[in-house]
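So you can see what is in the structure, the chains are spelled out below.
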Amino acid sequence: MDLKFENSFAQLPSYFYSRTQATAVKDPKLIIFNQTLAEQLGVSGDLTNDNNHLAQIFSGNLCPTGAEPLATVYAGHQFGGFSPQLGDGRALLLGETVTANGEHFDIQLKGAGPTPYSRNGDGRSALGPVLREYLVSEAMHKLGVETTRALVAVTTGEEVARERLVAGGVITRVAKGFVRVGSFEYFSSQGNQEAVKQLADYEIARHFPETKNTDNPYVAFLAAVIDKQAKLIAQWMSIGFIHGVMNTDNMAISGETIDYGPCAFMDEFSHKRVYSSIDRNGRYAYSNQPQIGQWNLVRLAETLLPLFANRDKDPEGKVAVGIAEELLNDYQEKYQAYWLSGLRRKLGLRTAQEQDLTLVDNLLNIMEQNNADFTLTFYYLSQLSEEGSAKDEPLQKLFTQPNEINTWLTTWRKRLADESSIDKKRQTSMQSVNPIYIPRNHQIEKAIRLAEDQNDFSAFHSLNSVLQNPFSYQPGKENYMLPPKSDEVVHQTFCGT
Ligand code: AMP
Ligand code: MG
């Protein structure tokens, strides 16, 4: 198997990482190899058809030629408190590959053994979180959200000790970049300004080259990161995605969704929904996500302040703080604009009207009060015509008090009439942004249970296959559209660390 490696991160000074080799596992077996992604990355060679060889490479047992494995160091604010040193404790950057189009991607093994940053952890992953990350990250990609991708999942043939002994796995994930807000915090908190600058230069060259030739590239860099996060979080919100652990070490500078731990998509809508077992105070609840995004960006901005203004001219840092504050204040407005334009598309609105935010808020409140399913509400809405008809029924049935949604529908329809909406066109457009299939938690759980308990990956593969086309109705796959029955509801998700 061939991959062209370039490994630019390994050329940074050694304080950014520790060169680390994977620790071999007993009996790796391939669960899935993402052929489409592999082709995009330019993975070639006959051996891609050899499952055993793939399992050896993507478990860490065989290091591919040209790879220079390393674990990166970072810090992070976890649930608001600062941890001065974290790092890739169970992840290993194999290397950076360059595609035929000249795009750079980092390839990382997760669960391939201890690194100098593992502290008390074992550097391993349980199979459950591997399958969850594979399913959800690939689904996010198909839903049009920036995300790390999943290339391979393997079982290790070894057990890992969690609450009990469970099967181990390794996931290979691919990203435009794994540098996090916490990477900047690590060097900033140590007072290593040179490293902060080097890291900023690295990220600018890699992700934001357009900012390089501006008056102050670091200011433009922060502005670009803010914009990407505002857009990303607005997308999460518009599909009912809850990240679960929005610590600063889990926020990528590249603007990709990263570190799928106790994440989940909502079934019944609630602003306050939390799934993560470790989020006891609801810090990362659904409706807190936009604000937490800003909080994390403030932490990033703090690390960049010394690069914003010349210290001789700005000895107290007031100019720098002023610049940062202005950019951070823009976040709110940017987020709101992304969110509203996303929701307009979901509601099939072509024009922008002043009362649109109220229309959206009212719908969400009615959904919340009536325990309506988030995904199905928008999906059924995208089937409706401007005239009320029998087609309204499936939507009405999602609401405990249909009269409230009926009143809302009257306002929505009036709004459609005002902009001379054409049914067919609007429905097609709405159906292209309102998914039918999302990785529902109970389906993920079913797939994990079967895999862990019976070494049977059929449910995992079926679910993964349905999620490849989230916007297309797939005959015979109605089961995957449905919310959980009362005995299938998953109330909590776990990190699995
Ligand atoms: P996470 O929950 O994945 O964001 O991890 C937070 C920190 O704990 C990171 O520094 C991880 O590298 C580390 N960590 C998580 N799980 C493990 C593990 N099984 N072994 C070693 N370190 C881990
Ligand atoms: Mg993490």
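Computed from a prediction, not measured in an experiment: that's the story for all the values here. (Residues numbered from 1 in each chain as written. Chains lettered and ligands numbered in written order. Predicted model: local features only at pLDDT ≥ 70, side-chain atom pairs only at ≥ 80, totals over all residues. Heavy atoms only, no water.)

> I tried to follow the nonpolar core on my own but got confused; where do I start?
Nonpolar side chains tend toward joint burial in soluble globular proteins. Core analysis: the biggest nonpolar cluster contains 128 residues, and Phe9, Phe184, Leu304, Leu347, Leu381, Trp408 and Trp412 have the highest contact counts within it. Taken domain by domain, the makeup of this core includes at least three residues from each of domain 1 (9-79 + 86-176) and domain 2 (347-431). One finds Ile57, Ile107, Leu109 and Leu151 within the second-largest nonpolar core, a separate group that totals 23 residues. (Core = buried A, V, L, I, M, F, W, Y, C linked by side-chain atoms within 4.5 Å. Buried < 20%, exposed > 50% of the residue type's maximum accessible area, 1.4 Å probe, protein only. Domains from an automatic or database assignment.)

> Can you help me understand the coordination of the magnesium ion (ligand 2) in this one?
Put simply, the ideal angle at a metal is 109.5 degrees for four donors in tetrahedral geometry and 90 or 180 degrees for six donors in octahedral geometry. Protein coordination at the magnesium ion (ligand 2): the donors are Asn250 (OD1) and Asp259 (OD), at 1.9 to 2.1 Å from the metal. Grouping residues by exposure puts asparagine 250 and aspartate 259 together as buried. (Donors = N, O, S within 2.8 Å, 3.2 Å for Na, K, Ca; no water.)

> Help me understand the pairing of strand S10 (residues 165-175), please; the structure alone is not making it clear to me.
Residues in a regular strand project their side chains so that they alternate between the two faces of the sheet. Summarising burial for S10: nine of the eleven residues are buried, a large majority. Across five bridges, the pairing between strand S7 (residues 104-110) and S10 is antiparallel. Residue leucine 109 lies in a different strand from S10, and its bridge partner there is threonine 172. As judged from the two bridges shared by strand S8 (residues 125-126) and S10, these two strands associate in the antiparallel manner. Following the sheet pairing, serine 125 is matched in S10 by glycine 169. Relative to S10, strand S9 (residues 149-161) is paired through nine bridges, and the arrangement is antiparallel. Each residue of the ladder has a partner; that of valine 160, found in S10, is valine 166. Hairpin remark: S9 followed by S10, antiparallel, with three residues in the connecting loop. (Helix = DSSP H or I, 4+ residues; strand = E, 2+ residues; numbered from the N terminus. Pairing = 2+ DSSP bridges.)

So, to be careful, I would describe these as geometric facts and stop short of saying anything about function.
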